[in-house]
Amino acid sequence: MVHLLIVGWLMLVPRTVPWVPAANLEPLASIRAELARGGWSAVWHLGAPVLMLAPLGVLLPLVGGRLNVSPLGSMARTVFGGAMISLTIELWQTAVPGQVPDVDAVLLNTLGVALAHLLIVPGARSRLRRRDERHRGTTPRISRVGLAPQADVFSGGRTYF
């Protein structure tokens, strides 16, 4: 939540500038322009939007708190959530003086979310699953009898004789 507040403040603070360019609604136009300029300027202007929402690639899967999920489903939910948050920020920018909405920022933000998810989440989940399996152990048994509790023996849950 704190990350989103900081990103929102950075992206939605009004700027006092003498001139504002038109909004970019053509996909990949500003990316091509930055790549044509080349150098560190292109790396900075393309890398900043990629890194801006990248932590959401790790934070959004943590919201559910589940370890045993489909990797493809988790990736799809995370990327969709990151894209919607980025789109929401860009739409809010239309009402902020000095801020210019850019469709390529949505693409780059979504790319950052996807890369962060791919690089960190699958490995972290497998490590946490292994740790969980080690701590889980075996089913507790009643010591004098050597049987498991009734709920584990009968699949129907609680049954009363």
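### What to know about the overall build of the protein
So, point 1. A tally of helices and strands in the protein yields seven helices and zero strands.
So, point 2. Starting at the N terminus and walking to the C terminus, you meet the elements of the protein as α-α-α-α-α-α-α.
So, point 3. The buried share among the 161 residues of the protein stands at 28%.
So, point 4. Total accessible area on the protein stands at roughly 11400 Å², and carbon and sulfur atoms take up 68% of it.

### Focus: helix 4 (residues 56-64)
Residues lying three or four places apart along an α-helix face the same way, a consequence of the helix completing one turn every 3.6 residues.
So, point 1. Listed in full, the buried residues belonging to helix 4 are Leu56, Gly57 and Pro61. End-on view of helix 4: buried residues confined to an arc of 125°, all on one side of the axis. Exposed residues lying more than 90 degrees from the buried face of helix 4 are Leu62 and Val63.
So, point 2. Residues of helix 4 that are buried in the fold lie against helix 1 (2-12), helix 5 (71-93) and helix 6 (103-136).
So, point 3. Within two residues after helix 4, Gly65 carries a phi angle of roughly 75°, on the positive side.

### A short note on the pattern of salt bridges
So, point 1. Within the structure shown, the criterion is met by two salt bridges.
So, point 2. A salt bridge links Arg32 to Glu26; its shortest N-O distance comes to 3.3 Å.
So, point 3. Arg32 gets classed as partly exposed once you look at its relative accessible area, which sits at 48%.
So, point 4. Judged by relative accessible area, Glu26 falls into the partly exposed class, the value being 46%.
So, point 5. A salt bridge links Arg37 to Glu34, with the nearest nitrogen and oxygen atoms 3.5 Å apart. One end of the pair is Arg37 and the other is Glu34, both in helix 2 (residues 29-37) and three residues apart, which spans about a single turn.
So, point 6. Residue Arg37 is classed as exposed on the basis of its relative accessible area, which comes to 53%.

### Side note on the side chain of Arg125
So, point 1. Along the polypeptide, Arg125 turns up in helix 6.
So, point 2. One buried charged residue, Arg125, forms no salt bridge at all, with the nearest opposite charge on Asp132 at 12 Å.
So, point 3. Ignoring sequence-local partners within four residues, the contact set of Arg125 consists of Pro61, Arg66, Leu67, Val69 and Ser74.

### Re the packing of helix 4 against helix 5
So, point 1. Helix 5 packs onto helix 4 with a crossing angle of 115° between their chain directions and a minimal axis gap of 9 Å. Helix 4 and helix 5 meet at a crossing whose hand is right-handed. On helix 5, the residues that touch Leu56, Gly57, Leu60 and Pro61 of helix 4 are Ser74, Thr78, Gly81, Gly82 and Ile85.
So, point 2. Of the residues contributing to the contact of helix 4 with helix 5, the split by class is four nonpolar, five polar and no charged.

### Quick look at the packing of helix 3 (residues 39-52) against helix 6
So, point 1. In the contact formed by helix 3 and helix 6, the axes pass within 6 Å of each other and the chain directions differ by 55°. One element, helix 3, and the other, helix 6, form an angle in the oblique class. Crossing angle aside, the handedness with which helix 3 passes helix 6 is right-handed. For the pair helix 3 and helix 6, the contacting residues are Leu46, Pro49, Val50 and Met52 in the first and Leu108, Asn109, Leu111 and Gly112 in the second.

Calculation notes
- Per chain, the residues get numbers from 1 upward, laid out in the order the sequence is written.
- Only residues with pLDDT of at least 70 are given local features in this predicted model, and only at 80 or more are side-chain atom pairs given and counted; all residues enter the totals for whole chains, interfaces and linings.
- For the side-chain quantities, the full set of heavy atoms in the structure was used; hydrogens and water were omitted.
- Segments assigned H or I by DSSP are reported as helices when at least four residues long, segments assigned E as strands when at least two residues long, and all are numbered from the N terminus.
- Throughout, exposure labels follow a simple rule: accessible area from a 1.4 Å probe, protein chains only, divided by the maximum for the residue type, with under 20% read as buried, over 50% as exposed, and the rest as partly exposed.
- Method for areas: the Shrake-Rupley scheme with a 1.4 Å probe, in which residue coverage is limited to the protein chains shown.
- Think of the arc as the fan of directions from the helix axis to the C-beta atoms.
- Two residues form a contact once any of their heavy atoms are found within 4.5 Å.
- We count a salt bridge whenever a side-chain nitrogen from Lys or Arg sits within 4 Å of a carboxyl oxygen from Asp or Glu.
- By the counting rule applied here, Lys and Arg register as positive and Asp and Glu as negative, while His and the ends of each chain are not counted.
- All axes here are fitted lines through C-alpha atoms, helices being fitted over the stretch that makes contact, and every angle between N-to-C directions spans 0 to 180 degrees.
- Crossings are classed by handedness, with left-handed meaning an anticlockwise turn of the near helix from the far one by less than a right angle and right-handed meaning a clockwise turn.
- Note on residue categories: nonpolar means Ala, Val, Leu, Ile, Met, Phe, Trp, Tyr, Cys or Pro, charged means Asp, Glu, Lys or Arg, and polar means any other residue, Gly included.
- Roughly parallel means an angle under 35 degrees; roughly antiparallel means over 145; roughly perpendicular covers 65 to 115; every other angle is labelled oblique.

None of the figures reported here should be taken as evidence of function without further support.
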